[in-house]
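Residues per chain, in single letters:
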Amino acid sequence: MTIPRSPGVTGFWALVRILSQYDQHQHETLIDLPEVAARLEQRIFVIAANLVDYNDKASKRLTYLETIVPHDRVKLRTSLFQLALPEKMEQKQPSRPQMIESSAEMLLRQSSSDEQNKINPARRNLPEVSSCGKQMKSCCDDRISFLHESILHHIMSFMPARDVVRTSVLSPRWRPLWTSAPCLDINIDHFNMDRVKFNEFAESLFLCRGIDTLDILRLHSFAISAANFWIDHAINRKAKSIEFTEYKIWEPFYLNPGIIKFHSSYLRSLKLTNVILVTCIFHRLNHACPSLENLQLADSTLELPEISSRSLKTLEIIDCSVVKHLLIRTHKLVSLRFEGSRCRCTSKSILLTPSAVTLCDLSNAESIELSASVRQVAFDGVSTGRSMFINLRSLSLGEWCLSNNLSPILCFLRHSPLLEKLNLKLKLDCEKDEQTIQTARGISFAAEHLEKVTIYCTEGDARVPVLVNILRINARSLDRIDVKTY
């Protein structure tokens, strides 16, 4: 099957039409819109069974994207930020304090009077008294400004980046602090989804920061190509934690390996939502980020063969489409969560495909959740005779674990000598494939520490009594079995 040309053209103009619901300048912030349309085509092509299925999935996806756009979104009447450079700024080289002051004014100019009042409401209510009066002394003692810079930066870490810039008007003490704030929280929701203003603000903000170290970046964007450069900027500034979210109503954001290097000995935590991860960029996460301990991937497309970081301790894969057979080989991993959407009957889920996963060398894992819809789970190391999950204490599995007459769940139970808690999440009514239990004869395992089992199922699932009987016979230490219906 070859990708037809007509859906590609249709897809491109459909994406343009969808994006124009938010603003009329989409090409100013998203320069690779044709590539976005092409990647959408390719994703559908990979999972489509034939041409008819391809056209059906493409039509449903575009229909979904169009229906979720809020057509009645109200635009801001006035711009909260004016980012044009002063006309005479190039005439002389300003000093560092003058540059900081000009940068702050540049980000805050032309705010409405209401917005100015929000910036510093206390200034509006100050009593008119002489500088020597007792009332001025009691009301206007600025104790916060005398705190150490690290404490003030800590306070800023709880504020959106827009409000961090606004602190520059509080007093001369605060004026330069925002340019070296170690935490940036830049969210397009704070700009009423105005992508042009958001893009200009973020560009100017990173430009004004200079070479100061950035510890934490939280970036929530929407169809803006420059986000690749902002993420790379954070990596180059020795960021320890990066959280990036592409607005979920839009197509997954392509993390460009030509821009984002992911080569850092400082990065410890990475959370990515609604992105496309390809092999070459994830290779750097596996081998060029030796301090990476926490990785969360949500609502994303994973086009990679393996996750094999030697430093990773926590791995979460949530509602992701795994295109290739995925090998998870992370020796230091303590917690693994592979969770998928239980309901696949909506248009949003048409591009999610059952995953094939191989688990290898998870001897340090204490908690594993594999409740995603998977077509195959392989265990590398079963033939060696040793327990693969010797530290596992909590286990949560989905419908797939009952396949091949309970082979997957039995593999876990036989290789997890310290297992204490087991959760089974069986199928929903809308799920098509139901695994059957052919026979319970000859099934045996030793679960000496298993204390609690919880089974989630639909009303009247005939397999539940069989499972309960098997667990009662083999797990002598089992204290309770709870059965809960959806």
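Residues numbered from 1 in each chain as written. Predicted model: local features only at pLDDT ≥ 70, side-chain atom pairs only at ≥ 80, totals over all residues. Heavy atoms only, no water.

(A) Highlighting the pattern of salt bridges. Scanning the model with the defined rule gives 13 salt bridges in all. The partner of aspartate 185 in a salt bridge is arginine 218, with the nearest N and O atoms 3.7 Å apart. Placement of aspartate 185 in strand E1 (residues 183–187) and of arginine 218 in strand E2 (residues 216–221) is noted, with a sequence separation of 33 residues between them. The class for arginine 218 is partly exposed, based on a relative accessible area of 23%. With a shortest N-O distance of 2.9 Å, arginine 463 and aspartate 461 are connected by a salt bridge. Neither arginine 463 nor aspartate 461 differs from the other in exposure class; each is buried. (Salt bridge = Lys/Arg side-chain N within 4 Å of Asp/Glu carboxyl O. Helix = DSSP H or I, 4+ residues; strand = E, 2+ residues; numbered from the N terminus. Buried < 20%, exposed > 50% of the residue type's maximum accessible area, 1.4 Å probe, protein only.)

(B) Quick look at the environment of alanine 48. With respect to the helices, strands and loops of the structure, alanine 48 is situated in the loop between helix H3 (33–47) and helix H4 (51–67). Residue classification places alanine 48 among the buried residues on the basis of a relative accessible area of 12%. Separated by 10 residues in sequence, alanine 48 and alanine 58 place their C-alpha atoms 9.6 Å apart.

(C) Region of the structure containing empty space enclosed by the protein. Evaluated as defined, the whole model comprises 5 cavities of 30 Å³ or more. If you trace the second largest cavity, you find it lined by Leu406, Ile409, Leu410, Leu413, Leu424, Phe445, Leu467, Ile470 and Leu471. Those elements that provide at least two residues to the lining of the second largest cavity are helix H14 (403–414) and helix H15 (463–474). Of the residues assigned to the lining of the second largest cavity, the class counts are 9 nonpolar, no polar and no charged. (1 Å grid on protein atoms, 1.4 Å probe; cavity = no way out; pocket = protein on both sides within 12 Å on 5 of 7 lines; lining within 4 Å. Points joined across faces, edges and corners; volume = space filled by probe spheres on them. Nonpolar A, V, L, I, M, F, W, Y, C, P; charged D, E, K, R; others polar.)

(D) The sheet that holds strand E4 (residues 253–254), seen in detail. With parallel pairing, 4 strands are arranged side by side in an open sheet as E4-E6-E8-E11. In this open sheet, the two strands that pair with only one neighbour each are E4 and strand E11 (321–322). Sheet strands in contact with helix H13 (residues 279–287) are strand E6 (275–278) and strand E8 (301–303), and its direction is about 80 degrees off that of E6. (Pairing = 2+ DSSP bridges. Contact = heavy atoms within 4.5 Å. Axes fitted to C-alpha atoms, helices over the stretch in contact; angles between N-to-C directions.)

(E) Expanded view of the environment of cysteine 401. Note on placement: cysteine 401 falls in the loop between strand E17 (394–398) and H14. A relative accessible area of 0% means that cysteine 401 is categorised as buried. In this structure the C-alpha to C-alpha distance between cysteine 401 and valine 374, which are 27 residues apart in sequence, comes to 9.3 Å.

(F) Region of interest: the sheet that holds strand E10 (residues 314–318). On the basis of which strands lie adjacent, the open sheet formed by 12 strands has the order E1-E2-E3-E5-E7-E10-E13-E15-E17-E18-E19-E20 and parallel pairing. What marks the edges here is a single partner per strand, and that holds for E1 and strand E20 (480–485). On average, adjacent strands in this sheet sit at an angle of 5 degrees to one another, irrespective of strand direction. Looking at chain direction, strand E7 (residues 294–298) and E10 are connected through 5 bridges and run parallel. Bridged to alanine 298 within E10 is isoleucine 318. Its contacts with the sheet place H15 against strand E18 (421–425), strand E19 (452–457) and E20, and it is angled at close to 170 degrees to E19.

(G) Quick peek at helix H11 (residues 195–209). Helix length check: H11, at 15 residues, gives a terminal C-alpha distance of 21 Å against a target of 21 Å (1.5 Å per residue), a fit within 8%. In terms of burial, H11 is largely enclosed, as 11 of its 15 residues are buried. Of the residues making up H11, those classed as buried are Arg195, Val196, Phe198, Asn199, Phe201, Ala202, Ser204, Leu205, Phe206, Cys208 and Arg209. Two or three places before valine 196, at the start of H11, stands the capping residue aspartate 194, its side-chain oxygen 3.3 Å from that residue's backbone nitrogen. Glycine 210 sits one or two residues past H11 and shows a positive phi near 70 degrees. (Expected span 1.5 Å × (residues − 1). Polar contact = N/O pair within 3.5 Å; in protein donor to acceptor, adjacent residues only side chain to side chain.)

(H) Highlighting the UniProt feature "domain: F-box" (unreviewed entry) in the chain. Under the present numbering, the feature "domain: F-box" (unreviewed entry) in UniProt falls on residues 147–181. For residues 147–181, the helix share is 40%, the strand share is 0%, and the end-to-end C-alpha distance is 15 Å. (UniProt positions renumbered as here; feature names shortened; annotations may be inferred.)

(I) View of the nonpolar core. Counting residues in each nonpolar core, the largest one holds 113 residues, and the members touching the most others are Ile186, Leu277, Leu359, Ile368 and Phe412. Apart from residues lying up to four places away in sequence, isoleucine 368 is in contact with Leu336, Leu362, Phe389, Leu392, Ser394, Leu395, Ser396 and Phe412. Counting 6 residues, the second-largest nonpolar core is a separate cluster that includes Leu40, Ile44, Ala48 and Tyr54. (Core = buried A, V, L, I, M, F, W, Y, C linked by side-chain atoms within 4.5 Å.)

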